[in-house]
Amino acid sequence: MSAQQPPPPPPHRPHTPGAPGVPWGFASPQPREVTADYRRRAGILTWSAIVVGALMAVALVVSVVFLVRADQDTRNAAYGYLALVLWVGIAAGVPVLLALAIPAARMRRRVREQRR
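Computed from a predicted structure; not experimentally measured. (Residues numbered from 1 in each chain as written. Predicted model: local features only at pLDDT ≥ 70, side-chain atom pairs only at ≥ 80, totals over all residues. Heavy atoms only, no water.)

Asks: If you had to explain the packing of helix 1 (residues 36–72) against helix 2 (residues 78–115) to someone new, which residues and values would you point to?
Replies: Where helix 1 meets helix 2, the closest approach of the two axes is 7 Å, and the angle between their N-to-C directions is 155 degrees. Regarding the angle of helix 1 to helix 2, the classification is roughly antiparallel. Like other packed secondary-structure pairs, helix 1 and helix 2 cross with a definite hand, here left-handed. For the contact of helix 1 with helix 2, the class distribution of residues is 26 nonpolar, seven polar and six charged. (Axes fitted to C-alpha atoms, helices over the stretch in contact; angles between N-to-C directions. Helix = DSSP H or I, 4+ residues; strand = E, 2+ residues; numbered from the N terminus. Parallel < 35°, antiparallel > 145°, perpendicular 65-115°, else oblique. Left-handed = near helix turned anticlockwise from the far one by under 90°. Nonpolar A, V, L, I, M, F, W, Y, C, P; charged D, E, K, R; others polar.)

Asks: Explain the pattern of salt bridges residue by residue, including any values.
Replies: Tallied over the entire structure, the rule returns three salt bridges. Between R40 and D37 there is a salt bridge; the shortest N-O distance is 2.5 Å. One end of the pair, R40, and the other, D37, are both in helix 1, three residues apart, so they sit about a helical turn from each other. Residue classification places D37 among the partly exposed positions, given a relative accessible area of 29%. (Salt bridge = Lys/Arg side-chain N within 4 Å of Asp/Glu carboxyl O. Buried < 20%, exposed > 50% of the residue type's maximum accessible area, 1.4 Å probe, protein only.)

Asks: Please provide a residue-by-residue account of a nonpolar patch on the surface, values included.
Replies: Side chains of L60, V64, L67, V68, Y81, L84 and W87 sit close together on the surface and give an oily, nonpolar patch of about 660 Å² of accessible area. Of all the elements in the fold, those that place two or more residues in the nonpolar patch are helix 1 and helix 2. Take W87: its relative accessible area is 37%, and that puts it in the partly exposed class. (Patch = residues over 30% accessible without salt bridge, like charges linked within 9 Å, V, L, I, M, F, W, Y side chains within 5 Å. Areas by Shrake-Rupley, 256 points an atom, 1.4 Å probe, with all protein chains shown as cover.)

In structure tokens form, the structure reads like this:
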């Protein structure tokens, strides 16, 4: 048998009732105040998402018009390639639209909740 003593138990910390697993001294983070700058940025993001979405809708309509023109006559085949370029632009714009619209929606919701 070894002559070493077992390590002492850790010091007792009081447990808060009704909060299992919550460490001692834990406080939930409080949201910061919604400032005028935050509201302005939420508006800028919202309008940016609207503009990008509108440009993508216009590009889709123009690409369909280009395809119709390319299909009417073989001398207008370049319009078909322009339609393909617009589709690539639309595909590249989807992540940009999501990157603008999702934070804008969350920010606008937070602004609405703060006004209540």
